[in-house]
Amino acid sequence: MAIFFEFEADFVESLRCIPMQVRYKLDTSGIKLKLSDWHQMSQAEREALVELPCNTETEIQSYRQHLELLIVTLTGLPAKQLPIDANPAWMDSNNIPVTVQEQAQELGITITTQQWQSLTSLQRFALIKLSRSGHENKNFPKAMEEFRLL
(Lines give C-alpha, C1' and ligand atoms only; values in the text may rest on other atoms or scores of the structure.)
Protein backbone atom coordinates (compact mmCIF):
# COMPACT_ATOMS: atom_id res chain seq x y z
CA MET A 1 0.00 0.00 0.00
CA ALA A 2 1.31 3.43 -0.93
CA ILE A 3 2.02 5.76 1.96
CA PHE A 4 2.29 9.45 1.20
CA PHE A 5 2.89 12.11 3.79
CA GLU A 6 0.77 15.24 4.06
CA PHE A 7 3.88 17.39 3.54
CA GLU A 8 4.17 15.78 0.07
CA ALA A 9 0.59 16.65 -0.90
CA ASP A 10 1.56 19.34 -3.41
CA PHE A 11 3.20 16.81 -5.75
CA VAL A 12 1.72 13.39 -4.91
CA GLU A 13 -0.96 13.34 -7.59
CA SER A 14 1.44 14.26 -10.40
CA LEU A 15 4.44 12.50 -8.82
CA ARG A 16 6.61 15.33 -10.18
CA CYS A 17 8.98 14.80 -7.24
CA ILE A 18 10.27 11.53 -5.84
CA PRO A 19 8.13 10.71 -2.80
CA MET A 20 9.73 9.64 0.47
CA GLN A 21 8.53 6.07 0.15
CA VAL A 22 10.37 5.72 -3.16
CA ARG A 23 13.46 7.43 -1.73
CA TYR A 24 13.28 4.93 1.13
CA LYS A 25 13.20 2.07 -1.39
CA LEU A 26 16.12 3.58 -3.32
CA ASP A 27 18.27 3.67 -0.19
CA THR A 28 17.13 0.17 0.73
CA SER A 29 17.98 -1.22 -2.70
CA GLY A 30 21.18 0.80 -3.20
CA ILE A 31 20.23 2.66 -6.38
CA LYS A 32 20.70 6.37 -7.09
CA LEU A 33 17.85 7.90 -9.05
CA LYS A 34 18.26 11.40 -10.40
CA LEU A 35 15.24 13.65 -10.52
CA SER A 36 15.93 14.13 -14.24
CA ASP A 37 15.64 10.35 -14.72
CA TRP A 38 12.42 10.33 -12.68
CA HIS A 39 11.02 13.00 -14.98
CA GLN A 40 11.74 10.83 -18.03
CA MET A 41 9.53 8.07 -16.61
CA SER A 42 5.90 7.72 -17.53
CA GLN A 43 3.26 8.14 -14.85
CA ALA A 44 2.73 4.36 -14.89
CA GLU A 45 6.45 3.72 -14.37
CA ARG A 46 6.54 6.16 -11.43
CA GLU A 47 3.43 4.58 -9.92
CA ALA A 48 5.02 1.13 -10.25
CA LEU A 49 8.04 2.33 -8.26
CA VAL A 50 5.65 3.58 -5.60
CA GLU A 51 3.66 0.35 -5.48
CA LEU A 52 6.32 -2.34 -5.87
CA PRO A 53 7.22 -3.90 -2.51
CA CYS A 54 10.77 -3.52 -1.21
CA ASN A 55 10.86 -5.14 2.23
CA THR A 56 12.20 -8.69 2.08
CA GLU A 57 15.56 -9.58 0.55
CA THR A 58 13.79 -11.05 -2.50
CA GLU A 59 11.62 -7.93 -2.92
CA ILE A 60 14.66 -5.66 -2.53
CA GLN A 61 16.56 -7.54 -5.25
CA SER A 62 13.53 -7.53 -7.53
CA TYR A 63 12.99 -3.78 -6.98
CA ARG A 64 16.67 -3.13 -7.68
CA GLN A 65 16.63 -5.16 -10.91
CA HIS A 66 13.42 -3.48 -12.08
CA LEU A 67 14.88 -0.03 -11.43
CA GLU A 68 18.24 -0.85 -13.03
CA LEU A 69 16.48 -2.01 -16.21
CA LEU A 70 14.21 1.03 -16.22
CA ILE A 71 17.11 3.48 -15.83
CA VAL A 72 19.24 1.88 -18.55
CA THR A 73 16.21 1.77 -20.87
CA LEU A 74 15.47 5.48 -20.30
CA THR A 75 18.99 6.87 -20.23
CA GLY A 76 21.17 4.33 -22.00
CA LEU A 77 23.42 4.41 -18.94
CA PRO A 78 23.65 1.95 -16.05
CA ALA A 79 22.12 2.95 -12.74
CA LYS A 80 24.51 4.42 -10.21
CA GLN A 81 24.98 2.07 -7.29
CA LEU A 82 24.86 3.32 -3.70
CA PRO A 83 26.27 1.50 -0.71
CA ILE A 84 23.55 -0.20 1.31
CA ASP A 85 23.85 0.54 5.02
CA ALA A 86 23.44 -2.69 6.98
CA ASN A 87 22.22 -0.68 9.98
CA PRO A 88 20.56 2.48 8.66
CA ALA A 89 19.80 5.22 11.17
CA TRP A 90 16.07 5.12 10.45
CA MET A 91 15.93 1.51 11.66
CA ASP A 92 17.53 2.48 15.00
CA SER A 93 14.65 3.53 17.21
CA ASN A 94 16.92 4.12 20.22
CA ASN A 95 19.24 6.79 18.82
CA ILE A 96 18.08 10.07 17.35
CA PRO A 97 20.54 11.30 14.68
CA VAL A 98 22.32 14.55 15.50
CA THR A 99 21.04 16.23 12.33
CA VAL A 100 17.44 15.55 13.37
CA GLN A 101 18.09 16.81 16.90
CA GLU A 102 19.70 19.99 15.57
CA GLN A 103 16.85 20.71 13.13
CA ALA A 104 14.31 20.14 15.90
CA GLN A 105 16.23 22.44 18.25
CA GLU A 106 16.10 25.18 15.61
CA LEU A 107 12.32 24.90 16.00
CA GLY A 108 12.67 25.03 19.78
CA ILE A 109 11.80 21.33 20.14
CA THR A 110 13.54 18.43 21.79
CA ILE A 111 12.59 15.00 20.47
CA THR A 112 12.58 12.36 23.17
CA THR A 113 13.71 8.79 22.64
CA GLN A 114 10.15 7.70 23.38
CA GLN A 115 8.82 9.94 20.61
CA TRP A 116 11.50 8.68 18.19
CA GLN A 117 10.57 5.09 19.05
CA SER A 118 6.89 5.80 18.36
CA LEU A 119 7.66 6.74 14.74
CA THR A 120 7.63 4.26 11.88
CA SER A 121 10.90 3.59 10.08
CA LEU A 122 9.54 5.56 7.10
CA GLN A 123 8.77 8.56 9.34
CA ARG A 124 12.27 8.39 10.85
CA PHE A 125 13.71 8.11 7.32
CA ALA A 126 11.79 11.23 6.26
CA LEU A 127 13.03 13.27 9.22
CA ILE A 128 16.61 12.16 8.59
CA LYS A 129 16.40 13.09 4.90
CA LEU A 130 14.70 16.40 5.64
CA SER A 131 17.36 17.34 8.21
CA ARG A 132 20.44 16.78 6.03
CA SER A 133 22.73 19.74 5.49
CA GLY A 134 22.41 21.24 2.04
CA HIS A 135 18.83 19.98 1.81
CA GLU A 136 15.95 22.37 1.56
CA ASN A 137 14.49 21.92 5.03
CA LYS A 138 11.14 23.65 4.51
CA ASN A 139 9.26 20.37 4.95
CA PHE A 140 10.99 19.45 8.20
CA PRO A 141 8.61 21.54 10.37
CA LYS A 142 5.64 20.22 8.37
CA ALA A 143 6.81 16.65 8.97
CA MET A 144 7.37 17.35 12.67
CA GLU A 145 3.80 18.61 12.92
CA GLU A 146 2.39 15.75 10.88
CA PHE A 147 4.20 13.20 13.07
CA ARG A 148 2.84 14.99 16.18
CA LEU A 149 6.27 16.00 17.44
CA LEU A 150 5.47 19.72 17.78
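Reference entry: report on the structure contained in this document. Keep in mind that what you see is a predicted model, and the values were worked out from it rather than measured.

**Here we look at the pattern of salt bridges**
Thinking step 1. Applying the stated criterion across every chain, the model contains three salt bridges.
Thinking step 2. A salt bridge links Arg64 to Glu68; its shortest N-O distance comes to 3.6 Å. Of this pair, Arg64 and Glu68 both sit in helix H5 (residues 57-75), four residues apart, roughly one helical turn.
Thinking step 3. You can call Arg64 buried: its relative accessible area is 17%.

**Examining the packing of aromatic side chains**
Thinking step 1. With the rule as written, the count across this model stands at six aromatic pairs.
Thinking step 2. When the centroid spacing of 5.1 Å and the interplanar angle of 65 degrees are considered together, the rings of Phe5 and Phe147 count as edge-to-face. Placement of the pair is Phe5 in the segment before helix H1 (9-12) and Phe147 in the segment after helix H9 (139-146), with a sequence separation of 142 residues. Phe147 carries the same exposure label as Phe5, and that label is buried.

**Things to note about helix H8 (residues 121-130)**
Structurally, the α-helix is built with 3.6 residues per turn, so residues lying three or four positions apart point the same way.
Thinking step 1. Across the 10 residues that make up H8, a large majority, nine, are buried.
Thinking step 2. If you follow the buried residues of H8, they end up packed against helix H2 (20-29), helix H6 (98-106), helix H7 (113-118) and H9.

**Observations concerning unusual backbone geometry**
Thinking step 1. Even without a glycine there, the phi angle at Leu15 is positive, about 55 degrees.
Thinking step 2. Relative to the helices and strands, Leu15 resides in the loop between H1 and H2.
Thinking step 3. Owing to a relative accessible area of 3%, Leu15 belongs among the buried residues under this scheme.
Thinking step 4. The phi angle at Arg148 is positive, at roughly 60 degrees, despite the residue not being glycine.
Thinking step 5. Assignment of secondary structure puts Arg148 in the segment after H9.

The rules behind the values
Residues numbered from 1 in each chain as written. Predicted model: local features only at pLDDT ≥ 70, side-chain atom pairs only at ≥ 80, totals over all residues. Heavy atoms only, no water. Salt bridge = Lys/Arg side-chain N within 4 Å of Asp/Glu carboxyl O. Helix = DSSP H or I, 4+ residues; strand = E, 2+ residues; numbered from the N terminus. Buried < 20%, exposed > 50% of the residue type's maximum accessible area, 1.4 Å probe, protein only. Phe/Tyr/Trp six-rings, centres within 6.5 Å; stacked < 30°, edge-to-face > 60°. Contact = heavy atoms within 4.5 Å.

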